Amino acid sequence: MIRALHRWLGLPALVLVTLLAVSGAALSVFPAAERISAPQAEQAMSVADLAARIKSAFPGVEQIRRSPSGRITAFWFEGGTPASAVIDPATGAATASADPNPVQRWLTNLHRSLFLDDAGRIAMATGAAAMLVLAISGSMLVARRAGGWRRWFAPLRGPLAGRVHVELARGAVLGLLLSSATALWMTASTFGFLPDKAPVPSPPSAMSETMGATLTSMPLFAATPVSSLRELNFPYAGDATDVFTLKTDSGTGYLDQGTGATLGWSGSSGWTRVSDTIYMLHTGQGAALLGLFLGLTALTVPVMGATGLLIWLTGLSGRPRIRDNAAPGGAETIILVGSESGSTWGFAATLHLALTRAGQRVHTAPMSSFDPGRFSGADRYVVLAATYGNGDAPASAKGFLDRVAGLSAAPAARLAVLGFGDRSFPAFCAYARAVATAAEGRGWPRLLPFETVDRQSPQEFARWGRALGEALGIDLELNHQPVLPEVKPLTLVSRRDYGHEVQAPTAILRFALPPLSVWQRLTGRGFGRFEPGDLLGIVPEGSPVPRFYSLASGSQDGFVEIVVRRHPGGICSGELMALEPGGTVAGFIRRNSTFHVRRDSAPLILIGAGTGMGPLAGFIRANNSRRPIHLFFGMRLPGSDFLYREELEAWAATGRLSSLSTAVSRGARPRYVQDALAAEQREVVRAIGKGARIMVCGGRHMAAGVAEAMTRILEPLGLSPAVLKAEGRYVEDVY
């Protein structure tokens, strides 16, 4: 809901909000420039002294004004022509012309009204209201992404455009909230919606009707410091019935020109004082540094607008275009999609097309948009849900379970849930299963039993489609052709071979980073941005199904590196192990953010065996901050498959690696990584006490043995792997 509000308000308001922000940023410079250039009155100078000096220099002076910046301006007529000048309060003499700056005046009219008077003021007020809503909704989204308000400044990950967007929002949100809220107040004041007009004393009923009192003899003038002066109007020359009018920060008064007596006074109201403060906060007049700060925050708006547009366009490209998508309220079948990388949208498009050809009215949408009120004509719901990370909701399904839990009653339309995943991962289809369980708990009628599709299998999808067709009484054949992500040719530049002595051929393969377009660099798509722990998808020749390998490098390293072990009969591993420098394979990047190193200073306990060493080596290589890292690595024989041996020694020497404990499973005294953990129990406990995060990579059997060992180690602390997993301090990448 908040994300949709932020997006669909921000996109149409982009031009207006940008114009408002840029013109405001330009105007923010003028108060500071005026404050620097204008001569300032001494702290103790009174209005009486100032008026006397100006009167001496300009006998025909009619008005004196002081701006919030401290600039003093005098106005008079000279030969029937109005004249003005900026005054040096120390002498009363003119120092510069007081003619308005044409650029400032043009910008002000643009900023306030687009040169369209009241209609323009309303338009710009609409822009200010949009900016206020965007600032509030954006703050909520930043807090959600960071993991709560207390983690507002937590390090960010992801594509460059998204990180720039959020980083600017973090720094600018207070200024944007202040600018937009004060702009709306000033608009309300301009149109008379607020009772903030300065009170004026009643015209004096009795006066001396004499002239000639000296300015310095008038008590109110003498008691009023120049720092509180706003405006002083002199009596009309030769008119004994006219009076002095003094306007200050605290009110307005009349003075007799013959006696100097105060004839009337009205203090400022609370509303007036608030509006004066609002004016200062918005314009920077009287607070030049604040004005410059607001100007700087305003300059972030066009950048955030551009990056926000880029994020939106990137999101659109991540899903296929659904043809003949029926209106939500008139559709019989609603297909809801939960996808992280976009592949599940391809299955949804196939299902949508088949149902449409069968005569159904079908509407396909992300799970995050679920609202039974929008789908009033629905006879059935079909949920296609992938799982992100360790059972989490994928990007397009955020908030779905909360919406289901918040329903007053389950929809009458029946539901089918199909999960997509990879059985080699422990959390296979965990999110989709959670959706099915939640729906059943709410009493949502079932159209089909919960089913899953392993590794994007077209055959399993087609089999499920036939069952769906039987339930609907139609002939439904789902002929899905998987659409692979855009692949790049990767050229092998070096390889190091291990493991032949123990019949486990393994290689560290390093590929050149493919050329990147400007778009990829900006958005971080493809090979534009990746980290150790992300996945490299390799599409082997003769197979439409990619295989994934954990990355041992990040994009900042300037190369793509993986560790591969040859499996008997393995199509992809066989192709990779046969590759020589100069050879190429087709590959793409898939994010795996659950297995990334957090950007904090907490210690790391890295545990791996065999090819699981790949991402762990990448974490150590990237440890530029020299955080404590303790590595437990299992191998068969040191002379055969001690991966990264030379690098580990160098990293230890430079402080990137704090300690290394190895486990050799072949030889006179076999030892496994769980044995190494038990032997180093004291060090492990000490690191966990300092907030260490445990990261395990390798085979499932190894990971299970490590979990058992960690259970014994953590038990005296009142902890367990499950507790640490819930806190995000125990993560696994197993296969």
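This structure is a prediction, so every number in the text was calculated from the model and none was measured.

**Student:** Would you take a moment to explain the overall build of the protein chain for this structure?
**Tutor:** A count of helices and strands for the protein chain gives 22 helices and 24 strands. The C-alpha extent of the protein chain, read off along each of the three principal axes, is 115 × 70 × 55 Å. Looking at the protein chain residue by residue over its 735 residues, the buried ones come to 47%. Across the protein chain, every contact between residues at least 6 apart in sequence was considered, and the portion connecting residues at least 24 apart equals 70%. Of the roughly 34300 Å² that the protein chain leaves accessible, carbon and sulfur atoms contribute 56%. Of the side-chain charges in the protein chain, 70 are positive and 56 negative, and the distance between the mean point of each set is 6 Å.

**Student:** What exactly am I supposed to notice about the packing of helix 1 (residues 2-27) against helix 4 (residues 102-113) here?
**Tutor:** For any two helices packed against each other, one specifies the inter-axial angle together with the distance between the axes. Direction vectors running N to C along helix 1 and helix 4 enclose 150°, while the axes themselves pass 9 Å from each other. Taken together, the axes of helix 1 and helix 4 are roughly antiparallel relative to one another. Relative to helix 4, the crossing made by helix 1 is left-handed. On the side of helix 1, the interface is formed by L19, L20, S23, G24, A26 and L27, while helix 4 contributes Q104, L107, T108, L110 and H111. Looking at side-chain class alone, the contact of helix 1 with helix 4 contains six nonpolar, five polar and no charged residues.

**Student:** For this particular structure, what's the right way to read helix 16 (residues 613-621)?
**Tutor:** Residues separated by three or four positions in an α-helix point in the same direction, a consequence of the helix having 3.6 residues per turn. Of all nine residues in helix 16, nine are buried; the element is thus mostly enclosed. Of all the residues in helix 16, the buried ones are M613, G614, P615, L616, A617, G618, F619, I620 and R621.

**Student:** Just to check I follow, could you spell out the pattern of salt bridges for this structure?
**Tutor:** Tallied over the full model, the rule gives 18 salt bridges. Linking E34 and R71 is a salt bridge whose minimum nitrogen-to-oxygen distance equals 3.9 Å. Taken together, the residues E34 in helix 2 (residues 29-37) and R71 in the loop between strand 1 (61-66) and strand 2 (72-78) connect sequence positions 37 residues apart. Judged by relative accessible area, which is 13%, E34 ranks as buried. By relative accessible area, R71 is classed as partly exposed at 26%. The residue E561 makes a salt bridge to R510 at a minimum N-O spacing of 2.7 Å. Of this pair, E561 sits in strand 18 (residues 559-565) while R510 sits in strand 15 (residues 506-512), and the two are 51 residues apart along the sequence.

**Student:** Got a minute to help me understand the pairing of strand 15 in this structure?
**Tutor:** Strand residues, when the strand is regular, have side chains that alternate between the two faces of the sheet. Most of strand 15 is tucked away, with five of its seven residues classed as buried. Both strand 15 and strand 18 contribute to a ladder of seven bridges, which runs antiparallel. Across the sheet, residue A507 finds its bridge partner in strand 18, namely V564.

**Student:** Looking at this structure, how should I read the sheet that holds strand 3 (residues 81-87)?
**Tutor:** Across the sheet, which stays open at both edges, the eight strands sit in the order 4-3-2-1-5-6-7-8 with antiparallel pairing between neighbours. Only two strands of the sheet have a single neighbouring strand rather than two, namely strand 4 (94-97) and strand 8 (262-267). The sheet shows a mean angle of 20° between the axes of neighbouring strands, direction not considered. Across six bridges, strand 6 (residues 243-248) lies against strand 7 (residues 251-256) in antiparallel orientation. Along strand 7, the bridge assignment pairs K247 with T252.

**Student:** Looking at this structure, I do not really get the sheet that holds strand 17 (residues 547-550). What am I missing?
**Tutor:** Strand pairing within a sheet occurs via backbone hydrogen bonds; the two strands may be parallel or antiparallel. Strand order in this open sheet of six strands is 17-16-19-14-15-18, and the pairing throughout is antiparallel. Sheet topology places strand 17 and strand 18 at the edges, where each strand pairs with a single neighbour. Across the sheet, the mean angle from the axis of one strand to that of its neighbour is 40°, orientation sign disregarded.

**Student:** I would appreciate a short explanation of the packing of helix 10 (residues 343-357) against helix 13 (residues 458-472) in the present structure.
**Tutor:** In the contact formed by helix 10 and helix 13, the axes pass within 12 Å of each other and the chain directions differ by 35°. In this structure, helix 10 meets helix 13 at a crossing whose hand is right-handed. Contact residues: F347, T350, L351 and L355 in helix 10; F461, W464, L468 and L472 in helix 13. Here the residues of the contact of helix 10 with helix 13 sort into seven nonpolar, one polar and no charged.

**Student:** Quick question: what am I supposed to make of unusual backbone geometry here?
**Tutor:** Glycine aside, residues mostly have negative phi angles, and peptide bonds mostly take the trans form. Its identity is not glycine, yet E209 carries a phi of approximately 55°, on the positive side. Looking at the element boundaries, E209 is found in the loop between helix 6 (160-190) and helix 7 (219-223). Overall, E209 belongs to the exposed group, its relative accessible area being 51%. Here R455, not a glycine, exhibits a phi torsion of approximately 55°, which is positive. Assignment of secondary structure puts R455 in the loop between strand 13 (451-454) and helix 13.

**Student:** Looking at this structure, how should I read a nonpolar patch on the surface?
**Tutor:** A grouping of V29, L289 and L292 is seen on the molecular surface, where their side chains present a nonpolar patch of about 290 Å² in accessible area. If you trace the backbone, L292 turns up in helix 9 (residues 288-317).

**Student:** Which parts of the structure should I look at to understand the state of the cysteines?
**Tutor:** Working definition: the covalent bond between the sulfur atoms of two cysteines is a disulfide. Applying the stated criterion across every chain, the model contains zero disulfides. With no disulfide of its own, C697 has C572 as its nearest cysteine by sulfur position, at a separation of 17 Å.

**Student:** Explain the packing of aromatic side chains to me, please; I cannot follow it from the model alone.
**Tutor:** By convention here, two paired aromatic rings are described through the distance between centres and the angle between planes. Applying the stated criterion to the full structure yields 21 aromatic pairs. Each ring, one from W106 and one from F115, has its centre 5.4 Å from the other, and the planes form 45°; the classification is tilted. Here F115 falls in the partly exposed class, since its relative accessible area comes to 41%. Their ring planes at 50° and their centres at 6.3 Å tell us that F420 and F461 sit as a pair that is tilted. In this pair, F420 is assigned in strand 12 (residues 414-421) and F461 in helix 13, connecting sequence segments 41 residues apart. A residue is classified by how much of its surface remains accessible, and F461, at 0% relative accessible area, is buried. Pairwise contacts between aromatic rings join F370, F375, Y381, F400 and W444 into one cluster. Positioned over the ring face of F75 is R65, at 4.6 Å from the centre of the ring. Stacked on the ring of F559, the Lys or Arg R510 has its end atom at 3.8 Å from the ring centre.

Reading guide: rules and limits
- Residues numbered from 1 in each chain as written.
- Predicted model: local features only at pLDDT ≥ 70, side-chain atom pairs only at ≥ 80, totals over all residues.
- Heavy atoms only, no water.
- Helix = DSSP H or I, 4+ residues; strand = E, 2+ residues; numbered from the N terminus.
- Buried < 20%, exposed > 50% of the residue type's maximum accessible area, 1.4 Å probe, protein only.
- Contact = heavy atoms within 4.5 Å.
- Areas by Shrake-Rupley, 256 points an atom, 1.4 Å probe, with all protein chains shown as cover.
- Lys, Arg positive; Asp, Glu negative; His and termini not counted.
- Charge placed at Lys NZ, Arg CZ, Asp CG, Glu CD.
- Axes fitted to C-alpha atoms, helices over the stretch in contact; angles between N-to-C directions.
- Parallel < 35°, antiparallel > 145°, perpendicular 65-115°, else oblique.
- Left-handed = near helix turned anticlockwise from the far one by under 90°.
- Nonpolar A, V, L, I, M, F, W, Y, C, P; charged D, E, K, R; others polar.
- Salt bridge = Lys/Arg side-chain N within 4 Å of Asp/Glu carboxyl O.
- Pairing = 2+ DSSP bridges.
- Patch = residues over 30% accessible without salt bridge, like charges linked within 9 Å, V, L, I, M, F, W, Y side chains within 5 Å.
- Disulfide = S-S within 2.5 Å.
- Phe/Tyr/Trp six-rings, centres within 6.5 Å; stacked < 30°, edge-to-face > 60°.
- Lys NZ or Arg CZ within 6 Å of the ring centre and 35° of its normal.

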